[in-house]
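Each chain, letter by letter, is given below.
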Amino acid sequence: MIIDDSKFPIVFVDFQHSLEQVKDETNNHNSDMAAFTSLFEKEKPFVMISTGETPDEKHKHSREETRKINAWRKINKDKLKCIKATIQVEPSKVKRVGLTLFASVYEKFWGNPLLLAQTQEEALELAKNILHKASLTS
């Protein structure tokens, strides 16, 4: 996973696993979790935008990896509320429909909505609106 927080509170992420990550998956999940933990330390709401391909459906986490991710998620449950939404940029209408079905599962697990945009520009506009609404309620 690649995390770019240079435009915080808009955080760009790429969830796609590279071949190097698959070989050393546990280490990468540890660094991913550390990167997210550092975002939480800012104590400000943010929106994640994923512009990369959707994660490879063939990739399956090991039980140990799944346990680590679940444990981290439970420890950081309150902090995860800083993430106001995750927006997946997906130009393909067919893939967006498929992701719509996955969105409720994603939200139940991570606690923030998975929204879809056709373009990066649309995703940025959506992110700005979400952050504006978040600033009005805090």
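Residues numbered from 1 in each chain as written. Predicted model: local features only at pLDDT ≥ 70, side-chain atom pairs only at ≥ 80, totals over all residues. Heavy atoms only, no water.

A. Looking closely at the pairing of strand S3 (residues 46-50). With five of five residues buried, S3 is to be regarded as a mostly interior element. The alternating pattern of S3 places Phe46, Met48 and Ser50 and Val47 and Ile49 on opposite faces, both of which are buried. With four bridges joining them, strand S2 (residues 10-14) and S3 adopt parallel strand pairing. What sits directly across from Ile10, in S3, is Val47. The sheet contact formed by S3 and strand S4 (residues 83-89) spans five bridges and is parallel. Each residue of the ladder has a partner; that of Ile49, found in S4, is Ile87. (Buried < 20%, exposed > 50% of the residue type's maximum accessible area, 1.4 Å probe, protein only. Helix = DSSP H or I, 4+ residues; strand = E, 2+ residues; numbered from the N terminus. Pairing = 2+ DSSP bridges.)

B. Focus on the packing of aromatic side chains. Tallying each qualifying case throughout the model produces seven aromatic pairs. Between the aromatic rings of Phe36 and Trp72, the centroid separation amounts to 6.4 Å while the plane-to-plane angle is 55 degrees, which identifies the pairing as tilted. You can see Phe36 sitting in helix H2 (residues 25-40) and its partner Trp72 sitting in helix H3 (residues 63-75), a full 36 residues away along the chain. What makes Phe36 buried here is its relative accessible area of 8%. Overall, Trp72 belongs to the buried group, its relative accessible area being 12%. Members of the aromatic cluster, joined through ring pairs, are Phe8, Phe36, Phe40, Phe46, Trp72, Phe109 and Trp110. (Phe/Tyr/Trp six-rings, centres within 6.5 Å; stacked < 30°, edge-to-face > 60°.)

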